[in-house]
Amino acid sequence: MKGKLITFEGIDGSGKTTVASLLHEKIGKDAILTAEPTSSWLGECVRRALEEERDAVTIALLFLADRNEHVKEIVRYIEDGKIVICDRFIDSTFAYQKEHLKIENAEEWLNIVHKPFLIKPDLTFLLYIEPEKAIERIKERKLAIYEYVEFLRKVQENYMEIAQRDKNRVIIIDATKRPEEIVEECIKILRERGII
Ligand code: TYD
């Protein structure tokens, strides 16, 4: 049987990384935990470009290059019957780059560039938290390029639009709950959908 791709999305500080790794622990041995930007040298390039606050088009192309390689890896896992849990995937690009790219028809451009390698997640958990609360959670660390309230509010709006358009795939989760509670909720939904 083919595997499935489950993604976690949400603004910075929504707690996706904690929840994704907790879910991975609970689901066990047949699940793969991965993330974007990836841990490969391409992912490193993305992080460097973000740190250096490079041009938005440069950053977008690097995210896409990283994804193109990552998709090949994910497809291999799925063909092997694995459940792949991915901390950020395409919806991050449509939520963040759509806002950062100051080009006309950014969404259309992103769709066209994605075409040769686009795969859709089977299910996406969108962790919802108010941007002020999210920033409060992460303010102890050095804040990165996208980590300010006004920007994250726009990103959140883009996420909500995606969720509205793709109701069956994107499940909105209250990210202010405890991670353990969130994971239980995710497991319940995954069972209902026959994914686990
Ligand atoms: P993040 O998940 O915070 O990675 P890490 O924990 O390794 O720092 O992602 C880094 C930033 O990249 C975050 O602000 C969201 C942003 N991002 C995009 O803008 N587009 C994308 O396609 C992806 C995957 C991430």
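Structure: above.
Only a predicted model underlies this, so the values are computations on that prediction, with no experimental measurement involved. (Residues numbered from 1 in each chain as written. Predicted model: local features only at pLDDT ≥ 70, side-chain atom pairs only at ≥ 80, totals over all residues. Heavy atoms only, no water.)

1. Quick look at the pattern of salt bridges
Oppositely charged side chains can form a pair if their charged atoms are brought close together. A complete count under the given rule lists 22 salt bridges for this structure. The network of salt bridges with shared partners includes Asp91, Lys120, Asp166 and Arg169. (Salt bridge = Lys/Arg side-chain N within 4 Å of Asp/Glu carboxyl O.)

2. What to know about the site of the ligand
Around the ligand sit 14 residues in total, of which Asp12, Arg88, Thr93, Tyr96 and Gln97 are the nearest. Between the ligand and the protein, one listed contact pairs an oxygen atom with a side-chain N or O atom of Asp12 at 2.8 Å. The contact in question runs from a nitrogen atom of the ligand to an N or O atom on the side chain of Gln97, over 2.7 Å. Protein chains shield 80% of the accessible area of the ligand, which is 550 Å² for the free molecule. Only α2 (41-51), α3 (56-79) and α4 (90-100) provide two or more residues apiece to the shell around the ligand. (Near = heavy atom within 4 Å. Polar contact = N/O pair within 3.5 Å; in protein donor to acceptor, adjacent residues only side chain to side chain. Areas by Shrake-Rupley, 256 points an atom, 1.4 Å probe, with all protein chains shown as cover. Helix = DSSP H or I, 4+ residues; strand = E, 2+ residues; numbered from the N terminus.)

3. Concerning the packing of α2 against α3
Closest axis-to-axis distance for the α2/α3 pair is 9 Å, and the angle between their directions is 165°. In terms of axis orientation, α2 runs roughly antiparallel to α3. As α2 packs across α3, the resulting crossing turns out to be left-handed. Every residue of α3 that contacts α2 at Leu42, Gly43, Cys45, Val46, Ala49 and Leu50 is listed here: Ile59, Leu62, Phe63, Ala65, Asp66 and Glu69. In terms of residue class, the contact of α2 with α3 is made up of 9 nonpolar, 1 polar and 2 charged. (Axes fitted to C-alpha atoms, helices over the stretch in contact; angles between N-to-C directions. Parallel < 35°, antiparallel > 145°, perpendicular 65-115°, else oblique. Left-handed = near helix turned anticlockwise from the far one by under 90°. Contact = heavy atoms within 4.5 Å. Nonpolar A, V, L, I, M, F, W, Y, C, P; charged D, E, K, R; others polar.)

4. Quick look at the nonpolar core
Phe8, Ile11, Leu23, Tyr96, Phe125 and Ile173 are the most contacted members of the largest nonpolar core, which totals 62 residues. If we skip the residues at most four places from it in the chain, Tyr96 touches Gly10, Ile11, Asp12, Arg88, Tyr146, Phe151, Leu152, Val155 and Tyr159. (Core = buried A, V, L, I, M, F, W, Y, C linked by side-chain atoms within 4.5 Å. Buried < 20%, exposed > 50% of the residue type's maximum accessible area, 1.4 Å probe, protein only.)

5. What to know about the pairing of strand β4 (residues 123-128)
When you tally the buried positions in β4, you get 5 out of 6 residues, the bulk of the element. Across 5 bridges, strand β1 (residues 4-10) lies against β4 in parallel orientation. Residue Glu9 lies in a different strand from β4, and its bridge partner there is Leu126. Where β4 and strand β5 (residues 170-174) come together, 5 bridges link them in parallel fashion. Bridging from a neighbouring strand, Phe125 pairs with Ile171 of β5. (Pairing = 2+ DSSP bridges.)

6. Some thoughts on the packing of helix α1 (residues 16-27) against helix α8 (residues 179-192)
At a closest axis distance of 9 Å, the pairing of α1 and α8 adopts a crossing angle of 55°. Between α1 and α8, the crossing angle belongs to the class labelled oblique. Like other packed secondary-structure pairs, α1 and α8 cross with a definite hand, here right-handed. Counting all contacts with α1, which are made through Thr18, Val19, Leu22, Leu23, Lys26 and Ile27, the residues of α8 involved are Pro179, Glu180, Ile182, Val183, Glu184, Cys186, Ile187 and Leu190. Taken together, the residues of the contact of α1 with α8 sort by class into 10 nonpolar, 1 polar and 3 charged.

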